[in-house]
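Geometric and topological summary
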Amino acid sequence: MQDNTKTRRKPNIRISQSDHARLSVLASTVAARNPDASDELLAELERARVVADGWVSADIVQMGSTVTFKPDTGDAKTVTLVFPGDADISEGKVSILTPIGTALIGLSSGQSMIWTARDGRQHELSVLAVNQPSPEGDPVDRPAPASPTIAAGV
C-alpha cells in the first residue's frame, strides 16, 4: 500500500559564521547529556548556508532575534531566541536547544517549517516577523544590510 503523505523538504536557512561557530560548540558540549537536542541542532547547522557576519539580512532568525510565528496549534507567539543560560519562558526567551528554538534558527519572514516536539508529534510553524536586537545605545531595530544576494554573488 502506498503512503500518500508527502515529505516536505525543509526550507533553506542561513546562519552567520559567528552563530554557526558558537552553536556548533554548544551542540558538541551538550551531546553527552542531551543527545537529541545536540543531534537536531547539528543537523540544522549542517544544512544551513553559512554567510559572513553582517551579511545576514535583518529578516532572518539569528541568536538574539525576536520572532513572531504562528504555530499550527494556535495563536501567533512572539519569542526571543537565546542560549540555554538565558532562557526564561516567562519572559518569552526560548533556548536554541528546545525543538522550537532549533526549528526557528535561520528561517526568514514568510518561511514555514515542520518540526518534531519532544513527545514525537510533528508540528508546523510559520515565521511572521523577525526583529533583531538594537545595537547598544540605538533605540530602533537594526536595519537590513545592503542586499546580501548581490554583495555575496548569490
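An account of the accompanying structure is given in this report.

The rules behind these values
Residues numbered from 1 in each chain as written. Predicted model: local features only at pLDDT ≥ 70, side-chain atom pairs only at ≥ 80, totals over all residues. Heavy atoms only, no water. Helix = DSSP H or I, 4+ residues; strand = E, 2+ residues; numbered from the N terminus. Buried < 20%, exposed > 50% of the residue type's maximum accessible area, 1.4 Å probe, protein only. Contact = heavy atoms within 4.5 Å. Areas by Shrake-Rupley, 256 points an atom, 1.4 Å probe, with all protein chains shown as cover. Pairing = 2+ DSSP bridges. Axes fitted to C-alpha atoms, helices over the stretch in contact; angles between N-to-C directions. 1 Å grid on protein atoms, 1.4 Å probe; cavity = no way out; pocket = protein on both sides within 12 Å on 5 of 7 lines; lining within 4 Å. Points joined across faces, edges and corners; volume = space filled by probe spheres on them. Nonpolar A, V, L, I, M, F, W, Y, C, P; charged D, E, K, R; others polar.

Remarks on the overall build of the protein chain
- A tally of regular secondary structure across the protein chain gives four helices and seven strands.
- Helices and strands appear in the protein chain in the N-to-C order β-α-α-β-β-β-β-α-β-β-α.
- Counting only residues that meet the buried cut, the protein chain has 36% of its 154 residues in that class.
- Of all intrachain contacts in the protein chain linking residues separated by at least 6 positions in sequence, the fraction that spans at least 24 positions is 56%.
- As displayed, the protein chain has an accessible area near 9,100 Å², and 51% of this comes from carbon and sulfur atoms.

Things to note about the sheet that holds strand β6 (residues 112–116)
- If you trace the five strands from one edge of the open sheet to the other, you get β5-β4-β3-β7-β6, paired in mixed fashion. Strands at the two margins of the open sheet, each flanked by one partner only, are β5 (93–95) and β6. Averaged over all adjacent pairs, the angle separating strand axes in this sheet is 45 degrees, with direction ignored.
- Pairing analysis gives five bridges linking β6 to strand β7 (residues 122–131), with the strands arranged antiparallel. Its bridge partner lying in β7, Ile 114 is registered against Glu 124.

A word on the layout of surface pockets
- Space inside the largest pocket adds up to approximately 540 Å³.
- Those elements that place two or more of their residues in the lining of the largest pocket are α2 (35–47), α3 (99–104) and β6.
- At five residues, the largest contribution of residues to the lining of the largest pocket is made by β6.
- Among the residues making up the lining of the largest pocket, the classes are represented as nine nonpolar, seven polar and eight charged.

Quick word on the pairing of strand β4 (residues 77–82)
- As defined by bridge partners, strand β3 (residues 66–71) adjoins β4 across four bridges and the pair is classed as antiparallel. Paired with Val 67 across the bridge in β4 is Val 79.
- In textbook terms, the turn of a hairpin is the stretch between consecutive antiparallel strands, and for β3 and β4 this stretch comprises five residues.

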